[in-house]
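# Report on the structure
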Amino acid sequence: MLEQLEELHTQALNELGKIDNIAELESWRVCYLGKKKGLPQILRSLSTLSLEERKRVGAKANEIKKSLELILTEKKRGLEEASVISLVDREKLDVTLPGRPIPTGRLHPITQTLEEICDVFKNMGFQVVEGPDVEWDYYNFEALNIPQHHPARDMFATLWIDSEVGEKSRLLRTHTSPMQIRIMEQSRPPIRVIVPGRTYRYEATDATHESMFYQVEGLAVDENITLANLKSTLFEFCHYLFGEETKVRFRCDYFPFVEPGVEVAIQCLSCHGTGCRLCAYTGWIEILGAGMVHSDVLKRVGIDPEIYTGFAFGLGVERIPMLRYGIDEIRLFYSNDLRFLKQF
Ligand code: PHE
């Protein structure tokens, strides 16, 4: 019996030497010190021995049990320490490593341009408002002096939503001018607003035409607003955006909802007026239509044209970055090619 105990002791110590993790240590404990197996079991079987033997074997077994318990506690502490050390080692932060770059997004070149345009006009005291892309015939045409069958409807190749004709017919707005009416219906002078937004035309696309494009509408209505105010506002804007030296041209034009009507062009930034593909060999690039709000338009929204006058303008947005950066293809803006977009 004593021999058996000694054997168990050496076996236990041998096995313990090979253990290198807490889980194995636990099964070792169950095997040698657990209630059902190992030493306690041997101690339980002592009853079959003589008193003399029982004393000797019992004492020896207890001695071994104590020594194993002691060594178990030590081993356990050792393993725990080692695991903490290896954890710290694994999760150590090397502050000298170069950081991982965080890829940042960027604003679309058209969004950047819109923000810039809005900032210029905000500094001049204009408020920014937005309106619906889907519009009534009434706002897009009728209220702007373009009744059914008016030849000016041909200026705007329209994408219709409803098939029946009339004021209550819906369409995708062909310009931002319908917002002139909505604003004047809802507020009284003094009015100074700009309206950035999408507009749509049913046209074949090419290098300078898209069926969806952006405009910024401007409207100022007050007492004593004159064509001179319109001119100075737009010259100021063009000089701010394209540089003080840029030549700006102001010429007569026709739009049913303004009288007189004008078109504003700037000298081509690409060829400086000598003529190139970008300016269709004219030396000038038209960037906006404008004029004094027609008295019939004012009357229709209940503003007395004897007291108030106003100016309005509609600016094409895509042309601005095209001119500034020498982009000769409008479709690049909306084809989602990151190689293009990442340059801005
Ligand atoms: N809405 C016109 C267009 O799209 C531009 C314009 C706006 C002209 C305001 C005069 C006044 O062509």
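Thresholds, definitions, all that
Residues numbered from 1 in each chain as written. Predicted model: local features only at pLDDT ≥ 70, side-chain atom pairs only at ≥ 80, totals over all residues. Heavy atoms only, no water. Pairing = 2+ DSSP bridges. Helix = DSSP H or I, 4+ residues; strand = E, 2+ residues; numbered from the N terminus. Buried < 20%, exposed > 50% of the residue type's maximum accessible area, 1.4 Å probe, protein only. Axes fitted to C-alpha atoms, helices over the stretch in contact; angles between N-to-C directions. Parallel < 35°, antiparallel > 145°, perpendicular 65-115°, else oblique. Contact = heavy atoms within 4.5 Å. Nonpolar A, V, L, I, M, F, W, Y, C, P; charged D, E, K, R; others polar. Phe/Tyr/Trp six-rings, centres within 6.5 Å; stacked < 30°, edge-to-face > 60°. Core = buried A, V, L, I, M, F, W, Y, C linked by side-chain atoms within 4.5 Å. Near = heavy atom within 4 Å. Polar contact = N/O pair within 3.5 Å; in protein donor to acceptor, adjacent residues only side chain to side chain. Areas by Shrake-Rupley, 256 points an atom, 1.4 Å probe, with all protein chains shown as cover. Lys, Arg positive; Asp, Glu negative; His and termini not counted. Salt bridge = Lys/Arg side-chain N within 4 Å of Asp/Glu carboxyl O.

Quick look at the sheet that holds strand S4 (residues 170-172) now. Strand order in the open sheet formed by 3 strands is S2-S4-S3, and the pairing between neighbours is antiparallel. Strands at the two margins of the open sheet, each flanked by one partner only, are strand S2 (134-136) and strand S3 (159-160). With 3 bridges connecting them, S2 and S4 associate as antiparallel partners. Paired with Glu135 across the strands is Leu171, a residue of S4.

Moving on, we get to the pairing of strand S5 (residues 191-200). The buried fraction of S5 is high, at 8 of 10 residues. The sheet contact formed by S5 and strand S6 (residues 212-222) spans 10 bridges and is antiparallel. In the strand pairing of S6, Tyr200 is matched with Met212.

Time to look at the packing of helix H2 (residues 22-33) against helix H4 (residues 51-90). Here H2 crosses H4 at 170°, and the two axes come no closer than 11 Å. In terms of their interaxial angle, H2 and H4 are classed as roughly antiparallel. Facing H2, whose interface residues are Ile22, Leu25, Trp28, Arg29, Tyr32 and Leu33, H4 presents Lys65, Leu68, Glu69, Leu72, Lys75, Lys76, Leu79 and Glu80. Of the residues that constitute the contact of H2 with H4, the class distribution is 8 nonpolar, no polar and 6 charged.

What follows covers the packing of aromatic side chains. The tally for this structure, following the rule as stated, stands at 14 aromatic pairs. Geometrically, the ring pair formed by Tyr325 and Phe344 is tilted, given 5.3 Å between the ring centres and 55° between the ring planes. One end of the pair, Tyr325, is in helix H10 (residues 319-325); the other, Phe344, is in the segment after helix H11 (338-341), with 19 residues separating them in the sequence. Looking at Tyr325, the relative accessible area reads 47%, which means it is partly exposed. Grouping aromatic residues by their ring pairs yields a cluster made of Phe121, Phe126, Phe237, Phe311 and Phe313.

Structurally, Phe237 can be placed in helix H8 (residues 227-242). Of the residues examined, Phe237 reaches a relative accessible area of 0% and is grouped as buried. With 120 residues separating them in the primary sequence, Phe237 and Ile117 have C-alpha atoms 8.3 Å apart. When residues no more than four places from it in sequence are discounted, the contact partners of Phe237 are Ile117, Val120, Phe121, Met124, Leu315 and Ile320.

Attention now moves to the nonpolar core. Core analysis: the biggest nonpolar cluster contains 46 residues, and Ile117, Phe237, Ile287 and Phe313 have the highest contact counts within it. Excluding residues within four positions of it along the chain, Phe313 makes contact with Phe121, Ile194, Val216, Glu217, Gly218, Leu230, Leu234, Leu288, Gly289 and Ala290. In terms of nonpolar packing, the next biggest core, distinct from the first, is built from 26 residues, Ala143, Val195, Phe257 and Ile303 among them.

Taking strand neighbours across the sheet as the criterion, the 7 strands line up as S1-S5-S6-S10-S9-S8-S7 in an open arrangement whose pairing is mixed. Both edges of this open sheet fall to strand S1 (127-128) and strand S7 (248-253), since each of them pairs with a single strand only. In this structure, S6 lies alongside strand S10 (residues 309-316), joined through 8 bridges in antiparallel fashion. Pairing of Val216 across the sheet is with Leu315, part of S10.

Moving on: the site of the ligand. With respect to spatial proximity, 15 residues lie near the ligand, and among them His175, Ser177, Arg201, Gln215 and Gly314 are the closest. Within the side chain of His175, one N or O atom sits 2.9 Å away from a nitrogen atom of the ligand. Take Ser177: an N or O atom from its side chain is 2.8 Å from a nitrogen atom of the ligand. For the ligand, the accessible surface in isolation is 330 Å², of which the surrounding protein chains cover 92%. Grouping the constituent residues of the shell around the ligand by class yields 7 nonpolar, 6 polar and 2 charged.

The subject of this paragraph is the side chain of Glu318. With respect to the element layout, Glu318 can be found in the loop between S10 and H10. No salt bridge is formed by the buried Glu318; its nearest oppositely charged neighbour, Arg319, is found at 7.8 Å. Polar contacts involving the side chain of Glu318 include one to the side chain of Tyr334, which spans 2.4 Å. Those residues in contact with Glu318 that sit more than four places away from it in its chain are Ile110, Phe213, Tyr214, Ile330, Phe333 and Tyr334.

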